[in-house]
Amino acid sequence: MEEFETDALVIGAGSCGSYIGVKLRERGIRVSLVEMERDIGGLVRDLELYKIEISEIPKPLSPQDYIQYLRTRIMELGIPLHTGTTIIDLIHQQSLFTAIGVSKDGVKKFRSKRVIIATGGREINQFDLLIMGTRPAGIFTGLMALRLINKFKRKIGKKAAIYTNNDIGLEVALKLSDAGIDLVNIITNETSSHLSRELLDMIRERNVDVIEKTIIIEVHGLKRLESVTLRNIESGEEEKINVDTLAISMGFLPDINLISKIGVKIDYEMKSPVLTRYLESSIPNLFIVGLASKAYKDINKAINDSKRLLLSLM
Amino acid sequence: MFTEELPKRADIVIIGCGVVGCAIARELSKFNLSVVAIEKEPDVGWGVTKGNVGMVHPFVPQFGKLKSKMVIEGNKKFDEVAYELDIPFHRFGLLIVALLFLQFLALIFAFFYLKLRGIKIKWLRRGRLRELEPLISRKAKAAIFVPSAGETDPVKLTIAYAENAVKNGVKIVLNTRVTGFEIENNEVKAVITDKGKIETRFVINAAGLYSDEIEKLVGISDRKMWHGKGVMLLFDPFIGDMYHHFIAPMPIRLDPRTKGGIIGLTVDGVPIWGPNLVEAKDKLDVGVSRDDIEMIIQKFKPLLRFFPDKWIMKYYAGVRPIDETSWDFVLGPTNIRGFINAAYILSPGLTASQVIAEKIVDILRSEGLQLVPKEDFYPYRKDIKSIRGLNYEELDKLIYENEMYGNIICACNQVTEAEIREAIRRGARTIDSIKFRTNACKGRCQGSRCLHKIIEIMADELGIDISKITVKGESSEIFVED
Ligand SMILES: Cc1cc2nc3c(=O)[nH]c(=O)nc-3n(C[C@H](O)[C@H](O)[C@H](O)COP(=O)(O)OP(=O)(O)OC[C@H]3O[C@@H](n4cnc5c(N)ncnc54)[C@H](O)[C@@H]3O)c2cc1C
């Protein structure tokens, strides 16, 4: 069992965790990064059109460029990075944290005075949205749909609808369409004014309707999805559309796997940890940033909010 | 582990590999017989068994029925079954609670009634009840405590019965549907399936929801099946410590149709509420509606002072096969010689499965089947080794021996690559089969972070193209081809 020691342990090297790790190191704090995947980047790894906008970087970056920037900075600053390592437990004793990591090299123990949890979010799914009906194949969360297409280079269906309230959903829609899947509708519970003009234009060019102010209430099909029932939230009118694929991209909820285990106070209404303005949790010196800290629709906002942590550690 | 090739003949053919069919298969594997169990789905336990709460009931209120006798016996036997087959089982205990004065009166009556029936119970006054369940409603007046009520994992139990049966020589044939019979002089000669014919003298009808259709195939039509749908609600395991027992409101009227559902915990610590009982449109009606969810929340929420019911993680429905006239199990020989029913097994069929299996063996004996005990019957089966519950030294050693134990695939439930590969070696051929065996995709993210990894491991382990990978068998492929 290998043991490591640091002053600030960042758990999760996604778009927020890596960023915070770099910023802390730049301010002279000894940090280590732990990531369960083989590479850093987290949820944005599969995005291309999405633009990362951070105040100190002058122009918006593509996710790939942003990840490359982080990778370079982690190397330049010599930040220890443990990929392929999943933290399964976090113990708090006498103002010292011990995090237990599992990797192919065995169990790793990390000791640190401070811990920053940046384990990201999970995409809101069919059940979070109380979509009724059956549980057939063909219903994916948006980023999983994208990952399957990117990774396996195959079609995940013939006719798809996208349920979204954000630009990530629009990108998922375009990628599905690029992969040769017949895009039937974009369904949004809001108006399209929240969504990127540019992406919307690209979608409309492909003759795809954006149905506004409409929710999905039910899915049908036993083995594979056959249709979904929509309801207009103003008129109450219902409509059934025939699709074999539904990608749900309705934002994120914090990943509470780790934080629920160690007794961090969680807000039952918000489904998020209770945090101070500086993102410190109910356990002193345990911070939670990014999509792990609250329900976000958008990743940029999560990255920019995570900077509040730096104010407290200065 | 399992096969798709149908043998030419067998001493006994079991139709259906639900918890009942698999329990019978294992029980029969104790004797020198050739036993074949046939299942239409790509895995065992996907019928009524899948849509189950997993409660090992202490009793059912309608005494005098076969099911009431068998459930009590089944409950007693469960420790042994769980030990031999290495399946999760906890006796959480059941609290039947009175909130209203009328319920309180009924509770007193129920207490003496159950005592008379010899059920081990305890009367709990309000103070003691609150000690046991601090979040119980302030209105709670008293409760009956039934310590023997337990919880298991219904599909894992079925898989365990099946694995142990196979180990002892039973053939389990999947993806094969029984479509007819050869009958001569009112006697079974052969079973016909979509994969060919198998000769046999004895057939056990353990087809669950389809046991009426199997009866019709041999010309029996004296029963009518009522389809009773039940919806279950699962909540985030984060709120799994809000209560520690099964809790049920004291029913004021004893509805003969149902025990009325409970609030409970799964063996993985996930709060589970339900089921309700509504008439299903047909056998395939497993859709969940808002009404179902509201019905369940309205019924159970008043039992607790506080419960964040927004944290719904999942919901699903099961359909119970109910013999409309008896509301009881249908067990025994029929007027077709060799055709034996283990049919219409409604709740609490899971709890009673072992007892049903033993009863079927007795019936076969009295029907003239020679039963010679097998000397080398091996009653034990080990579950897939998981990393949950290991201490760090043990875990480190395990990873040293097999580095795939160091690759966590499902972060919600901490399921490793090693477990997923072992599940496939034990016969899992679909995403759902892996889910039921390992708990991967069963956590709060419902597979939205690990599906791609599971697909990759399956394709690699089975040496197949990803286009062949399905969620739940044929027609549920994840990828489509042009
Ligand atoms: C909502 C709900 C909750 C429940 N909760 C509990 C509980 O908490 N405790 C408890 O003890 N019991 C409970 N039960 C009851 C329990 O689930 C059933 O009694 C039990 O699972 C019945 O098992 P079975 O093997 O008879 O049926 P099944 O599991 O349906 O098995 C029959 C099998 O036969 C196969 N089959 C059908 N037709 C054919 C054919 N033609 N050819 C080949 N194969 C065929 C099917 O695919 C199926 O796999 C519950 C039931 C429901 C619906």
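Bringing the sheet that holds strand β2 (residues 35-38) of chain B into the picture now. Residues and elements named next belong to chain B. The strand order across the open sheet built from 6 strands is β9-β2-β1-β13-β21-β20, with neighbouring strands paired in mixed fashion. The two strands at the open ends of the sheet, each matched to only one other strand, are β9 (171-173) and β20 (330-333). Pairwise comparison of adjacent strand axes, ignoring direction, gives a mean angle of 15° for this sheet. In this sheet, β9 lies alongside β2 in parallel orientation, the contact comprising 3 bridges. Opposite isoleucine 38, over in β9, you have valine 173 as the bridge partner. Running at roughly 160° to strand β1 (residues 12-15), helix α1 (residues 19-28) makes contact with β1, β2, β13 (202-205) and β21 (339-343) of the sheet. Seen against the sheet, helix α8 (residues 349-366) touches β1, β13, β20 and β21 and runs at an angle of roughly 20° to β20.

Listed by partner, the interface residues are 53 residues for chain A and 63 residues for chain B. The tally of links from chain A across to chain B stands at 7 salt bridges. Measuring nitrogen to oxygen at the nearest pair gives 3.9 Å for the salt bridge that ties glutamate 403 of chain B to lysine 104 of chain A. One can count 19 residue pairs in polar contact (both at pLDDT 80 or more) joining chain A with chain B. Looking at which element gives the most residues to the side of chain A that touches chain B, the answer is helix α3 (residues 142-152) of chain A, with 5 residues.

Counting 93 residues, the largest nonpolar core has Leu148 of chain A together with Ile454, Ile455 and Ile478 of chain B as its most contacted members. Counting residues per element, this core draws most heavily on α3 of chain A, at 7 residues. Setting aside chain neighbours within four positions, we find isoleucine 454 of chain B in contact with Ile409, Ile420, Ile431, Ile434, Ala440 and Cys441 of chain B. Grouped together as the second largest cluster of nonpolar side chains are 83 residues, Met132 and Leu286 of chain A together with Phe59 and Ala140 of chain B included.

Okay, the site of the ligand next. Residue and element names in this part refer to chain B. Taken together, 41 residues surround the ligand, and among them Glu39, Thr49, Asn52, Met55 and Thr351 come closest. Interatomic distance of 2.6 Å between a side-chain N/O atom of glutamate 39 and an oxygen atom of the ligand. Coverage of the ligand by the protein amounts to 98% of the 1,000 Å² it exposes when considered alone. Where the shell around the ligand is concerned, the elements lending two or more residues are α1, β14 (225-235), β19 (312-323) and α8. Tallied by class, the residues present in the shell around the ligand amount to 20 nonpolar, 16 polar and 5 charged. Taken together, domain 1 (1-88 + 149-223 + 325-383) and domain 2 (94-147 + 225-323) each give at least three residues to the shell around the ligand, which thus spans both.

Often the size quoted for an interface is simply the accessible area lost on bringing the parts together. All names here are of chain B. Domain boundaries in chain B define domain 1 (1-88 + 149-223 + 325-383), domain 2 (94-147 + 225-323) and domain 3 (392-468). On a C-alpha basis, the centres of domain 1 and domain 3 stand 29 Å from each other. On the domain 3 side, the residues contacting the 14 residues of domain 1 number 9 residues. At the junction of domain 1 with domain 3, the criterion picks out 3 salt bridges. The partner of lysine 442 in a salt bridge is aspartate 153, and the shortest N-O contact between them spans 3.5 Å. Our count for the domain 1 to domain 3 interface comes out at 5 residue pairs in polar contact (both at pLDDT 80 or more). Of the residues belonging to the side of domain 1 that touches domain 3, the class tally is 6 nonpolar, no polar and 8 charged.

For the rest of this paragraph, the subject is the sheet that holds strand β10 (residues 159-164) of chain A. Residue and element names in this part refer to chain A. Taken in spatial order, the 5 strands of this open sheet run β9-β16-β10-β11-β12, and their pairing is parallel. Of all strands in the sheet, those with a lone pairing partner are β9 (139-141) and β12 (209-211), marking the two edges. In this sheet, neighbouring strand axes are inclined to one another by 25° on average, regardless of whether the strands run parallel or antiparallel. Relative to strand β11 (residues 182-187), β10 runs parallel, the two sharing 5 bridges. Looking at β11, one finds that alanine 160 is bridged to leucine 183. Relative to β9, α3 is tilted by about 100°, and along the sheet it contacts β9 and β16 (245-249).

Calculation rules
Residues numbered from 1 in each chain as written. Chains lettered and ligands numbered in written order. Predicted model: local features only at pLDDT ≥ 70, side-chain atom pairs only at ≥ 80, totals over all residues. Heavy atoms only, no water. Pairing = 2+ DSSP bridges. Helix = DSSP H or I, 4+ residues; strand = E, 2+ residues; numbered from the N terminus. Axes fitted to C-alpha atoms, helices over the stretch in contact; angles between N-to-C directions. Contact = heavy atoms within 4.5 Å. Salt bridge = Lys/Arg side-chain N within 4 Å of Asp/Glu carboxyl O. Polar contact = N/O pair within 3.5 Å; in protein donor to acceptor, adjacent residues only side chain to side chain. Core = buried A, V, L, I, M, F, W, Y, C linked by side-chain atoms within 4.5 Å. Buried < 20%, exposed > 50% of the residue type's maximum accessible area, 1.4 Å probe, protein only. Near = heavy atom within 4 Å. Areas by Shrake-Rupley, 256 points an atom, 1.4 Å probe, with all protein chains shown as cover. Nonpolar A, V, L, I, M, F, W, Y, C, P; charged D, E, K, R; others polar. Domains from an automatic or database assignment.

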